[in-house]
Amino acid sequence: MVAIGVDVGGTKCLAVALGADNRVIDSLSLPTAPGIGVVEEVAELCTALALRVGEVATSLGVGMPGTVSRDGVVYLAPHLPALRKLPMREQLAQQLGIHVAVDNDATCAGIAEWEMGAARQCNHALIITIGTGIGAALIADGKVVRGHHGFAGESGHHIVLHGGEECPCGRRGCWEQYASGTALRRMANGVSGEEVLLRVVKEDAEALIVLEEFASWVALGLLNLVNTLDPQVIVLGGGLGSSAVLRHFVADALSQQMPPAELRPAPLLVTAQLGPEAGAIGAALLGREVIA
Ligand code: BGC
């Protein structure tokens, strides 16, 4: 018996099969299907992966890149604009006949890092995923903060510059327009975030300037969150966020922006430990919780 978790991203859907000992037995991915075709695709991934590992899937958890209500309705996913108020949990449960949980992708990744990764045994943690967008999982007083609807942690859409860059969420000046992988590419005139980091390691002066500027935007958003939540640890994850080089620059920028340490001790800033599968692992953990 396995728990299946699927992380739906802007370009790729990644599924993992999680054994009872929380080890990933196998994984499978597909390019994200357009529009609401994603529901069918998630169901297919779940069935195909269970078949491949020769087990029965007892539960499915899905991480979606947007606001997901507590009852598993995807309200809005800025990078998958065709999805509006999609009752994903209900549709998948009907189709597959197993327990299904649907939650925000960063919440899923955060739960995985909290239960078995970089934020283990931390009662106050902030897990920030930096990729195409920015997502956040908030752990406060030993609990995941979900908010009234389940929409808490939309930190990528904190406005950091009034009237700033246009965001796919419909507003301007959101944090993710300055501190995501997409933003870094724009700041580096089309050079990918990965390439910027490589160039920095090779001491390329131009890349260094861009990364310093980028890191200061990341730090600015983190400082706002530190003031809101007072975390003990901040975990940087996601495609770009998991980089040790980025962590180093962000730590520097954050220490410059924080009040003096004797007045406000800085949180620990660490990189995520579970790699690109964190979101799918967390989704599988959540799906399993539904049964427990
Ligand atoms: C969405 C979040 C999501 C994040 C990472 C943001 O644009 O609003 O819900 O967690 O991207 O995918």
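Residues numbered from 1 in each chain as written. Predicted model: local features only at pLDDT ≥ 70, side-chain atom pairs only at ≥ 80, totals over all residues. Heavy atoms only, no water.

Draft legend 1. Examining the overall build of the protein chain more closely. For the protein chain, the helix and strand inventory stands at ten helices and 13 strands. For 292 residues, the compact-globule formula gives about 19 Å, and the C-alpha radius of gyration of the protein chain, at 19 Å, lands near that figure. Seen along its three principal axes, the alpha-carbon backbone of the protein chain occupies a region of about 55 × 40 × 40 Å. With 292 residues in all, the protein chain has 52% of them scored as buried. Counting only contacts in the protein chain whose residues sit at least 6 apart along the sequence, the fraction spanning at least 24 positions is 62%. Looking at the protein chain, you have 19 positive and 30 negative side-chain charges, and the mean spots of the two groups are 3 Å apart. (Helix = DSSP H or I, 4+ residues; strand = E, 2+ residues; numbered from the N terminus. Rg over C-alpha atoms; globule rule 2.2 N^0.38 Å. Buried < 20%, exposed > 50% of the residue type's maximum accessible area, 1.4 Å probe, protein only. Contact = heavy atoms within 4.5 Å. Lys, Arg positive; Asp, Glu negative; His and termini not counted. Charge placed at Lys NZ, Arg CZ, Asp CG, Glu CD.)

Draft legend 2. The arrangement of the sheet that holds strand β4 (residues 57-64) in detail. With mixed pairing, five strands are arranged side by side in an open sheet as β3-β2-β1-β4-β8. Both edges of this open sheet fall to β3 (24-31) and β8 (99-104), since each of them pairs with a single strand only. Ignoring strand direction, the axes of neighbouring strands in this sheet form an average angle of 15°. Where helix α2 (residues 88-96) meets the sheet, its contacts fall on β4 and β8, and the angle it forms with β8 comes to roughly 155°. (Pairing = 2+ DSSP bridges. Axes fitted to C-alpha atoms, helices over the stretch in contact; angles between N-to-C directions.)

Draft legend 3. Geometry of the site of the ligand. Every residue close to the ligand is listed here: P65, G66, P78, H79, N104, D105, A106, I134, G135, E154, H157 and E176. Side-chain polar atom of E176 to an oxygen atom of the ligand: 2.8 Å apart, as the coordinates give it. Protein chains bury 94% of the 310 Å² of accessible surface belonging to the ligand in isolation. Applying the majority rule of atoms within 2 Å of the grid points places the ligand in the largest pocket. Those elements that provide at least two residues to the shell around the ligand are α3 (105-116) and β10 (134-140). Residue composition of the shell around the ligand, by class: four nonpolar, five polar and three charged. Of the residues that make up the shell around the ligand, three or more belong to each of domain 1 (2-109 + 276-290) and domain 2 (121-273). (Near = heavy atom within 4 Å. Polar contact = N/O pair within 3.5 Å; in protein donor to acceptor, adjacent residues only side chain to side chain. Areas by Shrake-Rupley, 256 points an atom, 1.4 Å probe, with all protein chains shown as cover. 1 Å grid on protein atoms, 1.4 Å probe; cavity = no way out; pocket = protein on both sides within 12 Å on 5 of 7 lines; lining within 4 Å. Sits in = over half its atoms within 2 Å of the grid points. Nonpolar A, V, L, I, M, F, W, Y, C, P; charged D, E, K, R; others polar. Domains from an automatic or database assignment.)

Draft legend 4. Expanded view of the environment of Y75. Looking at the secondary structure, you find Y75 in strand β6 (residues 74-76). For Y75, a relative accessible area of 31% corresponds to the partly exposed category. Setting aside anything within four residues of it in sequence, one finds Y75 in contact with T67, S69, L83, R84, K85 and F151.

Draft legend 5. Examining the domain arrangement of the protein chain more closely. Partitioning the protein chain into domains gives domain 1 (2-109 + 276-290) and domain 2 (121-273). Taken together, the contacts link 14 residues of domain 1 with 18 residues of domain 2. Roughly 1300 Å² is buried in total at the junction of domain 1 and domain 2, and carbon and sulfur atoms are behind 58% of that figure. Remark: the boundary between domain 1 and domain 2 carries one salt bridge. Close ionic contact of D103 with R146 constitutes a salt bridge, the shortest N to O distance being 2.4 Å. Remark: the boundary between domain 1 and domain 2 carries five residue pairs in polar contact (both at pLDDT 80 or more). The element that contributes the greatest number of residues to the side of domain 1 that touches domain 2 is α3, accounting for three residues. Considered class by class, the residues forming the side of domain 1 that touches domain 2 number six nonpolar, six polar and two charged. (Buried area = accessible area lost by both parts, 1.4 Å probe. Salt bridge = Lys/Arg side-chain N within 4 Å of Asp/Glu carboxyl O.)

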